[in-house]
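# Coordinate inspection notes
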Amino acid sequence: MSNLIPFPKSEGQNQQSQALINNQEEAAYIFMEPRPRPSFTPQLLADLQQFKTDIANRVQSELEAGHPQSLRYAVVASGLPGVFNYGGDLDLFGQLIRNGDGQGLRDYALRCIQVAHDFSVGFDLPLTTIALVEGRAQGGGFEAALACNVLIAERDAQMGFPEVLFNLFPGMGAYSFLSRKIAPGLAERMILSGRLYSAEELYDMGVVDFLAEPGEGREKLQEFMTDADKHRSVQRLFQRVHARHNRVPFEELRDIAELWVESALALGERDVRTMERLVRAQDRRTGKEDRQAN
């Protein structure tokens with residue numbers, strides 16, 4: 001993926017990601033690089049919100065001035081090997097639950113659904129958001145991919161919702177976004193199963209929009225943008241129809257997130273310890289992937 005240059009950003013932002021732009025593709029990219037593990041840390045959420053704000057400010061100023069729109073795609077991908085994102089910050093969840101900090105959980109959830117909603121509506125601009133999944137996307141990572149207008153995944157990628165393992169449900173948009181792609185009953189079964197699905201399975205189900213061979217996700221992304229540009233007016237019209245028919249209201253996400261907060265506060269110590277075991281498993285997996293990449 002050539003011709004990528006740093007995206008102009010606010011001072012002090014993008015500390016757990018890289019924001020880049022390709023002027024020829026009219027695309028902005030954010031590559032997530034959260035630490036200490038690939039989850040949605042508060043800083044990564046801030047990075048994603050700033051990414052949206054910077055794009056919106058740029059495009060809105062161009063449209064208001066009557067200038068050509070310079071960005072038509074916003075791509076979210078991972079800058080870490082083998083994983084898109086593991087989802088919610090389970091370490092933080094455990095601390096907040098043990099402290100009975102409902103407001104802390106609520107603040108975190110609202111930041112998550114604001115980012116998800118922004119991506120789901122294309123920042124309320126004539127712009128397409130794209131998730132490029134190379135590796136594993138779990139929980140909130142899968143929700144983030146589902147929130148985008150287009151989901152591209154490599155064939156060996158895996159996605160699923162592990163929340164049932166600690167008696168919780170994915171509360172940042174999973175059911176809302178899935179049930180607008182597939183039958184609600186099937187969406188419910190997927191969420192309650194707790195299993196990982198292959199990208200190939202999800203493509204056959206209609207959850208993944210475009211399937212790429214392993215290692216060729218970025219080529220498939222460029223192929224999609226090239227083809228979309230050939231039929232730009234039709235593409236944009238279909239997006240407007242889709243947005244009108246399938247748009248997920250922010251209020252729906254907020255109400256479900258509130259149920260998630262209530263459920264999280266009711267979890268027992270055993271469930272919190274299960275979260276901690278998952279955190280340790282994520283750390284082991286991330287360490288292995290980092291070693292393989294070096």
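Refer to the structure printed above.
The paragraphs below set out a description of the structure included in this document. Computed from a predicted model, the values in this text were never measured in an experiment.

### Things to note about the overall build of the protein chain
Across its full length, the protein chain holds eleven helices and eleven strands. Whereas a compact globule of 294 residues would reach a radius of gyration of roughly 19 Å, the protein chain reaches 18 Å, a difference of no more than 12%. C-alpha atoms of the protein chain, sized along the principal axes, occupy 55 × 45 × 45 Å. Per-residue burial over the protein chain gives 51% buried out of 294 residues. Long-range contacts, defined as pairs at least 24 residues apart, comprise 71% of the intrachain contacts of the protein chain with a sequence gap of at least 6.

### Overview of the nonpolar core
The biggest cluster of nonpolar side chains holds 72 residues, and the ones touching the most others in it are I55, V76, V133, M159 and L178. Leave out the neighbours within four places in its chain, and V133 touches F84, A145, L151, I152, A153, E154, A157 and M159. Grouped together as the second largest cluster of nonpolar side chains are 15 residues, Y29, F31, L132 and M225 included.

### Some words on the packing of aromatic side chains
By the definition in use, this model includes seven aromatic pairs. On the numbers, 5.1 Å between centres and 65° between planes, the contact of F93 with W260 is edge-to-face. One end of the pair, F93, is in helix α2 (residues 90–98); the other, W260, is in helix α10 (residues 250–265), and 167 residues separate them in sequence. F93 sits in the buried class, given a relative accessible area of 6%. Cluster of aromatic residues (ring-pair linked, three or more members): Y73, F210 and F224.

### Section: the pairing of strand β2 (residues 17–22)
Of all the six residues making up β2, five are buried; the element is thus mostly covered by neighbouring parts of the structure. Relative to β2, strand β1 (residues 5–6) runs antiparallel, the two sharing two bridges. Opposite I5, over in β2, you have I21 as the bridge partner. Relative to strand β3 (residues 27–32), β2 is paired through six bridges, and the arrangement is antiparallel. Bridging from a neighbouring strand, L20 pairs with Y29 of β3.

### Notes on unusual backbone geometry
Omega for the peptide link from R35 to P36 comes to 15°, which places this bond in the cis form. The topology assignment puts P36 in the loop between β3 and α1 (42–65). Even without being a glycine, D124 presents a positive backbone phi close to 55°. Looking at where D124 falls in the secondary structure, it is placed in the loop between α3 (102–120) and β6 (128–133).

### Quick look at the pattern of salt bridges
Taken as a whole and assessed by the stated rule, the structure comprises 17 salt bridges. The salt bridge involving E269 is made with R98; its shortest N-O contact spans 2.4 Å. With E269 in helix α11 (residues 269–293) and R98 in helix α2, this residue pair connects regions lying 171 residues apart in the sequence. One salt bridge in this structure joins D255 and R254, with 3.7 Å as the shortest N-O distance. It is possible to trace a salt-bridge network through shared partners that takes in R98, E269, R273 and E276.

### Structural notes on the sheet that holds strand β4 (residues 73–78)
Note on sheets: strands pair through backbone hydrogen bonds, and any given pair is parallel or antiparallel. Spatially, the seven strands line up as an open sheet ordered β1-β2-β3-β4-β6-β8-β11, and their pairing is mixed. Sheet topology places β1 and β11 (210–212) at the edges, where each strand pairs with a single neighbour. Two strands pair when backbone bridges link them, and β4 and β6 are joined in this way by four bridges, in the parallel orientation. Residue A74 lies in a different strand from β6, and its bridge partner there is T129.

### Structural notes on the state of the cysteines
Under the criterion given, the structure shown has zero disulfides. C148 takes part in no disulfide bond, and the closest cysteine sulfur to it belongs to C112, at a distance of 14 Å. Given a relative accessible area of 5%, C148 falls into the buried group.

### Considering the environment of E25
Positionally, E25 belongs in the loop between β2 and β3. For E25 and S193, which are 168 residues apart along the polypeptide, the C-alpha to C-alpha distance reads 39 Å. Discounting residues that sit within four places of it in the chain, E25 has contacts with Y73, Q222 and M225. A polar contact is formed between the side chain of E25 and the side chain of Q222, at a distance of 3.0 Å.

Calculation notes
Residues numbered from 1 in each chain as written. Predicted model: local features only at pLDDT ≥ 70, side-chain atom pairs only at ≥ 80, totals over all residues. Heavy atoms only, no water. Helix = DSSP H or I, 4+ residues; strand = E, 2+ residues; numbered from the N terminus. Rg over C-alpha atoms; globule rule 2.2 N^0.38 Å. Buried < 20%, exposed > 50% of the residue type's maximum accessible area, 1.4 Å probe, protein only. Contact = heavy atoms within 4.5 Å. Core = buried A, V, L, I, M, F, W, Y, C linked by side-chain atoms within 4.5 Å. Phe/Tyr/Trp six-rings, centres within 6.5 Å; stacked < 30°, edge-to-face > 60°. Pairing = 2+ DSSP bridges. Salt bridge = Lys/Arg side-chain N within 4 Å of Asp/Glu carboxyl O. Disulfide = S-S within 2.5 Å. Polar contact = N/O pair within 3.5 Å; in protein donor to acceptor, adjacent residues only side chain to side chain.

None of this, on its own, says anything about what the molecule does.
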